[in-house]
Amino acid sequence: MACYYAKRHADVKVLVMDFAEEGDSTKRLLGGVDAARGKVDELYGSVFRLLSDAESKSSGLTSWLWSSDIDITAHALQVAQHNPHVPDNLFLVSSGAWPRSEDPLPEDRRKQIGKKIKESLERSRETWKLFCDTDGDRRPSPFTMLAYSLCPFAVVPLHLSKADLDRTETMLGMMNEMRKSGEISTQVLLMVWNMVKSQKDEPIEHKGLMLPFTPSKVSLDILDACNKRIAGMAKDPSFAGLFVRGSPETPDVEFLRSTIAVMRQLADNVLKPAEELGMPFVHMIDTLEASGKKQLKFASADVTYTAGEDVVRGVDEAVRNLSLKFEAMTVDAR
């Protein structure tokens, strides 16, 4: 979504802060899983590892605790310098894409770091849009907690299954408790059901939800069961304020229409090269239209993918629609 936003808003600087332990966003933005390995070690091997080093006062993120004049953008990499498929106005600060063990930051220190990052962006002459990627932690890591300090709204992606909803409910419960204690103020803006099987390309209305495609019947049945649980959580007075548009008084249909998005299962011959080659979908559709061809070929190591025009356009439409919905909701929620 960050690439789509950057493409639509060339006058805005888009900053992606990758807080995920494995750095999936970092790897894709830097050119794909294989190409990114050496770049990650070279560019980001130690930036965030200094986060928990309370003695470091001259380098790394912890230096922000003692400095009065910090420019977070000085730590950000212009991604297009390393991956020409990415828009020029997209920048990255990464966790280092390496598993590690971090001690929790004290609440006051974490909030101070978050405040300094936001103040740095606000002081900039440029207009910045911030996207943070985190792990789906049932019990949030120190980096996820820092992301909560930075972001007023959260987008929660999950698979359309009761098992994944169980895990997500635990995470939402943790968020709710942290909101109650005053540790964070982040609210859930959007929940996205991912990898939903499509039966037809035709859009449908289903129980008040406008879906951009027709899911299979079993997917619709699971969707109804899972949405009922989420709506029940939003109505629970003990979860008041967790959802931007949820409350005991809000009708279920209204809540679900404004909080739920459904993403179809994307074609592997477009999804896999995007992951392996670091080629955003928005670049793929631009390449297709510029070429005038009816298909695209992607060579990734020993695998060559071929995707027809209809398949590429289908993936672009699905992700673009989600990006536009997210953007509209963000503006409306302010």
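Structure shown above.
The notes below deal with the structure included here. (Residues numbered from 1 in each chain as written. Predicted model: local features only at pLDDT ≥ 70, side-chain atom pairs only at ≥ 80, totals over all residues. Heavy atoms only, no water.)

The next subject is the overall build of the chain. Across its full length, the chain carries eleven helices and 13 strands. Residue burial in the chain is summarised as follows: out of 334 residues, 48% are buried. Accessible surface, the chain as shown: approximately 16,300 Å² in total, 49% of it carbon and sulfur. (Helix = DSSP H or I, 4+ residues; strand = E, 2+ residues; numbered from the N terminus. Buried < 20%, exposed > 50% of the residue type's maximum accessible area, 1.4 Å probe, protein only. Areas by Shrake-Rupley, 256 points an atom, 1.4 Å probe, with all protein chains shown as cover.)

Here we come to the pattern of salt bridges. In the structure shown here, the tally under the stated rule is 18 salt bridges. Here Arg-28 ties to Glu-275 by a salt bridge, and the two come within 3.2 Å at their closest N and O atoms. In this pair, Arg-28 sits in helix 2 (residues 24-29) while Glu-275 sits in helix 9 (residues 268-277), placing the two residues 247 residues apart along the sequence. What makes Glu-275 buried here is its relative accessible area of 19%. Residue Glu-183 is joined to Arg-110 by a salt bridge in which the shortest nitrogen-to-oxygen separation is 3.7 Å. A residue pair is termed long-range when its members are at least 10 positions apart, and Glu-183 in the loop between helix 6 (162-181) and strand 6 (187-196) and Arg-110 in helix 4 (residues 107-123) qualify at 73 residues. Through salt bridges with shared partners, a single network forms among Glu-289, Lys-294, Glu-309 and Arg-313. (Salt bridge = Lys/Arg side-chain N within 4 Å of Asp/Glu carboxyl O.)

The next thing to look at is the pairing of strand 12 (residues 295-300). Of the two faces of strand 12, only the one carrying Leu-296, Phe-298 and Ser-300 is buried; Gln-295, Lys-297 and Ala-299 on the other face are not. Alignment of strand 12 against strand 13 (residues 303-308), held across six bridges, turns out to be antiparallel. Bridge pairing in strand 13 places Lys-297 opposite Thr-306. Here strand 12 hands over to strand 13 after two residues, with Ala-301 in that stretch at a positive phi of 55°. (Pairing = 2+ DSSP bridges.)

Bringing the nonpolar core into the picture now. Core analysis: the biggest nonpolar cluster contains 43 residues, and Leu-29, Leu-90, Phe-281, Met-284 and Val-312 have the highest contact counts within it. Here the element with the most residues in this core is helix 11 (residues 309-333); it accounts for seven residues. Ignoring sequence-local partners within four residues, the contact set of Phe-281 consists of Tyr-4, Leu-266, Val-270, Leu-271, Ala-274, Val-315, Asp-316 and Val-319. Residues Val-156, Leu-165, Leu-209 and Leu-242 belong to the second largest nonpolar core, which totals 33 residues. (Core = buried A, V, L, I, M, F, W, Y, C linked by side-chain atoms within 4.5 Å. Contact = heavy atoms within 4.5 Å.)

The next subject is the sheet that holds strand 4 (residues 128-133). One open sheet holds the four strands; their spatial order is 2-3-1-4, and the pairing between them is mixed. Each edge of the open sheet is held by one strand with a lone partner, namely strand 2 (77-78) and strand 4.

Attention now moves to the sheet that holds strand 11 (residues 260-264). In spatial order, the strands read 5-6-11; together these three strands make up an open sheet with parallel pairing. Because the sheet does not close on itself, it has two edges, and the strands there are strand 5 (153-159) and strand 11. Neighbour-to-neighbour, the strand axes of this sheet turn through a mean angle of 25°, independent of strand direction. Where strand 5 meets strand 6, seven bridges bridge the pair, whose relative direction is parallel. The residue bridging His-159 from the neighbouring strand is Asn-194, located in strand 6. Sheet contacts for helix 7 (residues 217-235): strand 6 and strand 11; angle to strand 6, the most-contacted strand, approximately 160°. (Axes fitted to C-alpha atoms, helices over the stretch in contact; angles between N-to-C directions.)

What follows is about the packing of aromatic side chains. Scanning all chains against the criterion turns up five aromatic pairs. Where Tyr-5 meets Phe-131, the ring centres are 5.9 Å apart and the plane angle is 65°; that geometry is what we call edge-to-face. Placement of the pair is Tyr-5 in helix 1 (residues 2-8) and Phe-131 in strand 4, with a sequence separation of 126 residues. As far as burial versus exposure is concerned, Tyr-5 and Phe-131 are alike and both buried. (Phe/Tyr/Trp six-rings, centres within 6.5 Å; stacked < 30°, edge-to-face > 60°.)

A word on the layout of surface pockets. A volume near 300 Å³ is recorded for the second largest pocket. As for the second largest pocket, its lining consists of 14 residues, of which Asp-201, Arg-264, Asp-310, Gly-314 and Val-315 are closest to the centre. Tallied by class, residues from the lining of the second largest pocket come to seven nonpolar, three polar and four charged. (1 Å grid on protein atoms, 1.4 Å probe; cavity = no way out; pocket = protein on both sides within 12 Å on 5 of 7 lines; lining within 4 Å. Points joined across faces, edges and corners; volume = space filled by probe spheres on them. Nonpolar A, V, L, I, M, F, W, Y, C, P; charged D, E, K, R; others polar.)

So, on to helix 4. With 17 residues, helix 4 should cover 24 Å at 1.5 Å per step; its first-to-last C-alpha distance of 24 Å lies within 8% of that length. Those residues of helix 4 that are buried lie in contact with strand 1 (13-18), strand 4 and helix 5 (142-150). (Expected span 1.5 Å × (residues − 1).)

Residue placement: Asp-224 occurs in helix 7. Of the polar contacts made by the side chain of Asp-224, one reaches the side chain of Lys-207; its length is 3.1 Å. In this structure, Asp-224 is in contact with His-206 and Lys-207, ignoring residues within four places of it in sequence. (Polar contact = N/O pair within 3.5 Å; in protein donor to acceptor, adjacent residues only side chain to side chain.)

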